[in-house]
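Below, each chain spelled out in residue letters.
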Amino acid sequence: MSGSDPYPPPTDLPDFNPQTVVNVPQVADDAVVPSVGPGGQVVTGHPVVLDFADSQLNPHSASGKIGTGGEAPNESLLAGAEGSTPNEPEDGGKLGWLSLKRFQKYFDVDTKDVLWRMGNSSLGPFKGNFFDNVKDNPDLYGPFWITTTLVFLTAVSSNIVSWYNHHEKEHKDAKDDKDDKDHKIWNSDFSRLAHASILYYCYVFGVGLCVWGFLRCFKSEVHLSHVWCMYGYMMTTFLPISFLLMLPFDVLRKLSVAIVTIYSGIFLLRNFKEAIYSAAPTRATVVLVVLGLIHIGVGCIIAFVFH
């Protein structure tokens with residue numbers, strides 16, 4: 001290459017003597033760090049302390065979620081309603097009591113538990129200790145599905161009875177040789193499903209809430225979950241007669257509803273008797289009579305309105 005080199009090598013560097021470096025001892029973390037000075041001599045400076053800080057990495061940080069910040073899981077959330085406190089809402093907000101975690105324990109039952117409770121409630125007048133049997137683990141799974149099943153069965157049986165009545169009327173008109181201009185085509189009435197929902201859900205959960213509110217006013221220890229549990233399982237005896245209500249025999253339908261209403265009503269009053277008398281002895285008789293009348297009213301609606 002022609003011309004002068006724009007970056008000439010330095011010429012004033014001191015000679016480096018390797019002998020002065022090979023004998024340098026091993027240094028510890030807090031030892032003086034040596035350096036090579038001018039002339040190849042080993043010199044020492046200020047001591048340098050190598051301080052290794054503890055890792056701040058949280059083992060729970062690998063959550064796979066953005067924005068977790070490496071925080072550990074919320075133990076109160078995992079614990080459910082029993083492990084939560086008023087200062088630590090389960091869902092992290094003001095409406096933490098609406099969290100599904102709070103109600104999870106009321107659905108912690110298996111098929112064996114539900115069937116046993118349905119059988120126990122079906123014994124009606126012969127058993128008065130249903131509260132004692134569900135004291136430790138009341139559930140809402142059974143009451144919800146029993147009530148929902150009754151809603152659909154009642155709507156179906158009511159439409160079937162309506163179809164029977166329609167064709168019976170047509171047959172009667174045909175025998176009487178009446179004019180066919182008033183002939184109507186039968187159609188299923190889906191509004192009966194909504195009416196059945198209002199009846200059963202309001203009775204089981206609405207009336208149950210009112211009964212619990214009354215007991216609560218008198219400092220009763222009966223919980224709302226126990227009341228709903230008992231009301232729901234009480235309706236078990238209405239399940240088998242729902243199929244009898246599909247038969248075209250009006251007397252049989254009315255008689256079946258009357259028997260089951262009385263049978264389940266005795267179960268209701270026997271189980272509430274002790275709790276109501278303990279809470280309000282002077283008003284217990286009146287309250288029991290009111291509960292019995294409401295129950296009979298529900299039976300009358302099933303027998304005469306839907307069927």
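One numbering rule holds for all chains: residues counted from 1, following each sequence as written. Whole-chain, interface and lining totals are the exception, using all residues; otherwise, since this is a predicted model, local features are given only for residues with pLDDT of at least 70 and side-chain atom pairs are given and counted only at 80 or more. Derived side-chain values reflect all non-hydrogen atoms in the structure, with water molecules and hydrogen atoms excluded from consideration.

### With respect to the overall build of the protein chain
By definition, any uninterrupted DSSP run of H or I lasting at least four residues is a helix, any uninterrupted run of E lasting at least two residues is a strand, and each is numbered from the N terminus. Scanning the protein chain from terminus to terminus reveals 11 helices and two strands. Seen in sequence order, the protein chain has helices and strands lined up from the N terminus as α-β-β-α-α-α-α-α-α-α-α-α-α. The classification of residues rests on relative accessible area computed with a 1.4 Å probe and restricted to protein chains. Under 20% of the type maximum is buried, over 50% is exposed, and intermediate values are partly exposed. Counting all 307 residues of the protein chain, 33% fall into the buried class. In this description, contact between two residues means that some pair of their heavy atoms is separated by no more than 4.5 Å. Sequence separation of 24 or more characterises 65% of the internal contacts of the protein chain that already satisfy a separation of 6 or more. Computed with the Shrake-Rupley method and a 1.4 Å probe, the accessible areas treat only the protein chains shown as cover for residues. With the model as given, the accessible surface of the protein chain reaches about 20,500 Å², and the carbon-plus-sulfur share is 62%.

### Points about the pattern of salt bridges
When a carboxyl oxygen of Asp or Glu is within 4 Å of a side-chain nitrogen of Lys or Arg, the pair counts as a salt bridge. In total, this model carries four salt bridges according to the counting rule given. In this structure, R117 engages D139 in a salt bridge whose closest nitrogen and oxygen atoms are separated by 2.4 Å. With R117 in helix α4 (residues 111-122) and D139 in the loop between α5 (130-133) and α6 (141-175), this pair connects stretches of sequence that are 22 residues apart. Taking the relative accessible area as the measure of exposure, R117 reaches 6% and is therefore buried. Using a relative accessible area of 0% as the deciding quantity, one classes D139 as buried. Ionic pairing is found between R192 and D189, a salt bridge with its closest N-O pair at 3.7 Å. Within this structure, D250, R253 and K254 form a network of salt bridges that share partners.

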